[in-house]
Amino acid sequence: MVKQWYQRRVHGDSSKCSIMKATQLFLLFLCLVPALGLDCGDGKIRGVNAGGWLLLEPWITPHLFEEVNVGENIDKIVDEYTYAEYLEEDFYKGRLKLHWDSFVTREDFVKVSEAGVTHVRIPVGYWYWDVEEGEPFPPPNTDESDDHNPLFYLKRALVWLDELDMKAEIDLHAGPGSQNGFDNSGRRGDIGWVTEEYPEDNHNVLRTINIIDKIAENMKRWIDEGAFRQETLYGISLLNEPGGWWDKVWSACKDELYPLGYEVVRKHFEDGVVVNLQQAFRPASDYYGFMPESEGFNSISVDMHRYQCFDEYWAGQADSSDGWWNHIDASCRAHEDNINATWPTFCGEFSLAVADCQKYLNGGFNTPYV
């Protein structure tokens, strides 16, 4: 099938034919070279996400949601917030203990390291460090030796990565109130990270900065205790995918979260640990010259998420005769976006599929899912 597509698309077009042949030879070379599990030393990040592990998402672990959406709970448990809200605390903690202990293992890290992966992005939820009255999560567990504590597993993973000479990014994937309204923020629904009253009401923004402070302190303490080397910690991502399409969210990011989040990380790590700014659904150009070195900022990176599978346009590419070339052109434009970047830029998430047919991926958990 691939061969037929290749012949159909490049027949009579020598430039495209050359590109495709070169790509095939390069892929063949990669298959023949033994994986050493070593950093190439070229400054590039070759990474994977530990998604669905320390922060639940229904499309990644559908069984965890299907087994509890029964009886009076049908269609109520759609994210980790409602998982904690509608289930008994003992069940919540016990079920997640089994998940945390088995979903990501040292053998997984060994395998991806042998495939050439150097970095692992680890999404975490704010409630591991801070829970307010009215939120359903158990209070933060200060006993890091307790195997019902998610930080027990986070620390264990960082030790494993250290042993394998890999690097980790701690990604605050879920902010208080939900920064985007998606289930990957921990709470599906409306954005509550800011309100219409922002900037007067910036409670959750300041709370997020305080949580970043706690995360950085936590990492520094583990390093100082000798659990792993500082070199193992690539960086801390301040907040995943804030809904920057809303001007109030974008203002909160660029005016408060990013500069003040940077400051609290630097309070614990003067250098050697990257402060990562996630794209917030903004164009790459919004980050050109942002928080520049000339103003004293250092060791910042930008994470651009590139998806070519959602919305009507991308769904329609499967039926378009130029569909694959439109995908390739979009990828080339993404590269062009990064040429003028003033901070190192990587793609922390991108679509391996060109359709959104994965169960619970489009719109989240629902019964029946069509």
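Residues numbered from 1 in each chain as written. Predicted model: local features only at pLDDT ≥ 70, side-chain atom pairs only at ≥ 80, totals over all residues. Heavy atoms only, no water.

Participant: Before we move on, could you go through the side chain of Gln179 and cite the residues and values that matter?
Facilitator: Here Gln179 shows up in the loop between strand E3 (167-174) and helix H8 (203-224). A polar atom in the side chain of Gln179 sits 2.8 Å from the backbone oxygen of His173. For Gln179, the side chain forms a polar contact with the main-chain oxygen of Asn240, separated by 2.7 Å. Dropping the residues within four chain positions of it, Gln179 is found in contact with His173, Ala174, Ser185, Ile191, Trp193, Leu239, Asn240, Glu241, Pro242, Gly243 and Val249. (Helix = DSSP H or I, 4+ residues; strand = E, 2+ residues; numbered from the N terminus. Polar contact = N/O pair within 3.5 Å; in protein donor to acceptor, adjacent residues only side chain to side chain. Contact = heavy atoms within 4.5 Å.)

Participant: Could you give an account of the pattern of salt bridges, with specific residues and numbers?
Facilitator: On inspection of all chains with the given rule, the structure shows 25 salt bridges. Among the ionic pairs, Arg156 bridges to Asp101, the shortest N-O distance being 3.0 Å. Of the two residues, Arg156 sits in helix H7 (residues 150-163) while Asp101 sits in helix H5 (residues 89-103), which places them 55 residues apart along the sequence. Within this structure, Arg121, Glu169, Asp171, Asp303 and Glu349 form a network of salt bridges that share partners. (Salt bridge = Lys/Arg side-chain N within 4 Å of Asp/Glu carboxyl O.)

Participant: Quick rundown of the side chain of Asp130? Include the residues and the values.
Facilitator: Examined against the element boundaries, Asp130 turns out to sit in the loop between strand E2 (119-125) and H7. Of the polar contacts made by the side chain of Asp130, one reaches the side chain of Arg207; its length is 2.5 Å. With residues near it in sequence (within four places) discarded, Asp130 still touches Glu135, Pro140, Arg207, Ile211 and Lys214.

Participant: Outline the nonpolar core, supporting the account with residue identities and numerical values.
Facilitator: Tyr83, Leu154, Trp193, Met219 and Tyr258 are the most contacted members of the largest nonpolar core, which totals 86 residues. For Tyr83, the residues in contact, after removing those within four places along its chain, are Leu56, Leu64, Phe65, Glu67, Val68, Ile77, Phe91, Tyr92, Arg95 and Leu96. (Core = buried A, V, L, I, M, F, W, Y, C linked by side-chain atoms within 4.5 Å. Buried < 20%, exposed > 50% of the residue type's maximum accessible area, 1.4 Å probe, protein only.)

Participant: Account for the sheet that holds strand E1 (residues 47-49), naming residues and giving values.
Facilitator: Strands sit in the order E1-E2-E3-E4-E5-E6-E7 across an open sheet of seven strands; the sheet is parallel. At either end of the open sheet lies a strand with only one pairing partner, and these are E1 and strand E7 (345-350). For this sheet the average axis-to-axis angle between neighbouring strands, irrespective of direction, equals 30°. By the bridge criterion, four bridges tie strand E6 (residues 300-306) to E7 in an arrangement that is parallel. Following the sheet pairing, Asp303 is matched in E7 by Phe346. Across the sheet, helix H9 (residues 247-268) is in contact with strand E4 (233-237), strand E5 (274-278) and E6; its angle to E5 comes to roughly 160°. (Pairing = 2+ DSSP bridges. Axes fitted to C-alpha atoms, helices over the stretch in contact; angles between N-to-C directions.)

Participant: Quick one: what's the story with helix H11 (residues 323-339), residue by residue and with numbers?
Facilitator: With 17 residues, H11 should reach 24 Å at 1.5 Å per residue; the first-to-last C-alpha distance of 25 Å fits that figure. Considered for burial, the residues of H11 that qualify are Gly323, Trp325, His327, Ala330 and Ala334. (Expected span 1.5 Å × (residues − 1).)

Participant: Pulling in residues and values, what's your account of empty space enclosed by the protein?
Facilitator: Per the counting criterion, the structure on display carries two cavities of 30 Å³ or more. In this model, the largest cavity occupies a volume close to 50 Å³. Lining the largest cavity are Ala284, Tyr287, Tyr288, Val302, Met304, Asp337, Asn338, Ala341, Thr342, Trp343 and Thr345. Those elements that provide at least two residues to the lining of the largest cavity are E6 and H11. Grouping the amino acids of the lining of the largest cavity by side-chain chemistry returns seven nonpolar, three polar and one charged. For the second largest cavity, the full set of lining residues is Tyr81, Tyr126, Trp127, Phe137, Gly175, Pro176, Gly177, Ser178, Ser185, Gly186 and Arg187. Here the residues of the lining of the second largest cavity are counted per class, giving five nonpolar, five polar and one charged. (1 Å grid on protein atoms, 1.4 Å probe; cavity = no way out; pocket = protein on both sides within 12 Å on 5 of 7 lines; lining within 4 Å. Points joined across faces, edges and corners; volume = space filled by probe spheres on them. Nonpolar A, V, L, I, M, F, W, Y, C, P; charged D, E, K, R; others polar.)

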